[in-house]
Amino acid sequence: MPYLDDDEQPLQRIDLAQIPPTGRRFRLERRIGFQEHAPDGPVVWAPASDGGHDGGHDGGRTEGWTDLASVPGVLWSFIGSYGRQSAPAVVHDHRALLAHGLPADQALEQRFEDDRQFRVGLRQQRVPLLRAWLMWAVVSVERYVRHAPGIAAVLIGQSVLGVLAVWVATIGLVTPVLGAPTPGWLGLAMAPAVLAVCWREERRLLVWLPYAGALLGPLLLVQLAAVGAFRLLELLVRETIDRPFIDDSPGPVGPPTLR
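Residues numbered from 1 in each chain as written. Predicted model: local features only at pLDDT ≥ 70, side-chain atom pairs only at ≥ 80, totals over all residues. Heavy atoms only, no water.

Trainee: Now, about the nonpolar core: what can you tell me, with residues and values included?
Mentor: Ranked by internal contacts, the top residues of the largest apolar core, which has 14 residues, are Trp-136, Ala-137, Tyr-144, Leu-155, Leu-205, Leu-206 and Leu-209. Looking at this core, the elements that each hand over two or more residues are α4 (129-147), α5 (149-174) and α7 (203-242). The element that contributes the greatest number of residues to this core is α4, accounting for 5 residues. Setting aside its immediate chain neighbours within four residues, Leu-205 contacts Trp-136, Ala-137, Ser-140, Leu-155 and Pro-210. If you look at the next biggest cluster of nonpolar residues, it comprises 13 residues, including Tyr-3, Leu-11, Ile-32 and Leu-68. (Core = buried A, V, L, I, M, F, W, Y, C linked by side-chain atoms within 4.5 Å. Buried < 20%, exposed > 50% of the residue type's maximum accessible area, 1.4 Å probe, protein only. Helix = DSSP H or I, 4+ residues; strand = E, 2+ residues; numbered from the N terminus. Contact = heavy atoms within 4.5 Å.)

Trainee: Report on helix α6 (residues 182-196), specifying residues and quantitative values.
Mentor: Note on helix geometry: an α-helix contains 3.6 residues per turn, so any two residues three or four positions apart are oriented the same way. A rise of 1.5 Å per residue sets the reference length of α6, with its 15 residues, at 21 Å; its end C-alpha atoms lie 22 Å apart and thus fit the reference within 8%. A maximum bend of about 40° is found in α6 at Met-190, where proline Pro-192 lies one to four positions downstream. For α6, the set of buried residues is Trp-185, Ala-189, Pro-192 and Ala-196. (Expected span 1.5 Å × (residues − 1). Bend = angle between axes of the 7 residues up to and from the residue.)

Trainee: So, the sheet that holds strand β3 (residues 26-28): which residues are in play, and what are the values?
Mentor: In space, the 3 strands of this open sheet follow the order β2-β3-β6, with antiparallel pairing throughout. Each edge of the sheet is formed by a strand with only one pairing partner; in this case those strands are β2 (16-18) and β6 (65-66). One ladder, built from 3 bridges, connects β2 with β3; its direction is antiparallel. In the strand pairing of β3, Ala-17 is matched with Arg-27. (Pairing = 2+ DSSP bridges.)

Trainee: Now, about the packing of aromatic side chains: what can you tell me, with residues and values included?
Mentor: For the structure on display, the rule yields 3 aromatic pairs. With a centroid separation of 5.1 Å and an interplanar angle of 70°, the aromatic rings of Trp-133 and Trp-136 are classed as edge-to-face. With Trp-133 and Trp-136 both in helix α4 and 3 residues apart, this pair spans about one turn of that helix. With respect to burial, Trp-133 and Trp-136 carry one shared label: buried. When the ring of Trp-133 is compared with that of Trp-208, the centres are 5.7 Å apart and the planes differ by 55°; the resulting orientation is tilted. (Phe/Tyr/Trp six-rings, centres within 6.5 Å; stacked < 30°, edge-to-face > 60°.)

Trainee: Describe in detail the side chain of Ser-86, supporting the description with residues and values.
Mentor: Following the sequence through the fold, Ser-86 ends up in helix α2 (residues 86-100). Residue class for Ser-86 comes out buried when judged on its relative accessible area of 11%. A distance of 3.0 Å separates the side chain of Ser-86 from the backbone nitrogen of Gly-83, its partner in a polar contact. (Polar contact = N/O pair within 3.5 Å; in protein donor to acceptor, adjacent residues only side chain to side chain.)

Trainee: Please provide a residue-by-residue account of α2, values included.
Mentor: For α2, spanning 15 residues, the distance from its first C-alpha to its last is 21 Å, which sits close to the expected 21 Å at 1.5 Å a residue. Of all 15 residues in α2, 12 are buried, a share of seventy percent or more. All of the buried residues in α2 are Ser-86, Ala-87, Pro-88, Ala-89, Val-90, Val-91, His-92, Asp-93, His-94, Ala-96, Leu-97 and Ala-99.

Have a look at this one:
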């Protein structure tokens with residue numbers, strides 16, 4: 001196993017404390033490490049917390065703290081915030097925190113390697129291929145959002161245009177009435193892959209984002225619609241039925257019965 005415990009043995013458990021118990025932050029009680037090339041390769045460690053409170057700097061991430069996989073709640077049916085991805089997420093959170101204090105060019109260089117190790121770690125933990133690459137793509141985009149916002153805007157814009165190009169080309173190929181010849185639609189569908197070459201070492205990311213986005217976009221829209229409907233129902237129940245129980249006071253408590 002590529003993940004190690006505090007005694008440098010194969011990782012069998014991750015000791016986390018949920019603080020506060022109603023929150024989404026976890027304190028790492030014992031360090032864990034990632035060793036990509038076992039048994040003699042270097043180990044990348046995520047250290048345990050020193051016992052202090054989560055101070056909230058760097059967008060809420062502090063030494064020895066993690067939110068596991070930072071997946072928005074509306075997407076948990078696709079990718080859970082914990083599971084086989086927990087160990088890679090804990091180590092990656094620590095590495096991202098270290099990069100935050102570096103100059104932008106150094107941070108990008110370090111994060112490129114950290115994000116690659118995150119993807120490798122996910123696969124070594126047997127996270128399914130599609131899920132692992134999606135998680136890698138998201139943290140790779142976040143790398144630029146955090147350390148190079150201008151590049152991030154171009155990257156996201158090109159990816160969105162690529163998704164639209166694939167959708168339009170797909171509609172054109174299955175709807176001959178639009179009149180354009182098939183080679184034209186195929187060329188449009190291949191355009192995102194061709195333009196990705198301009199990104200050199202990031203070309204895989206710029207191939208993955210538009211095609212995965214085009215494939216999963218409709219599913220995401222359905223998911224958002226379903227969650228939106230549920231949230232609306234939840235709001236109605238809260239306002240009409242649960243309102244008397246929302247205030248902080250516990251209210252009257254009935255005495256125990258003889259039974």
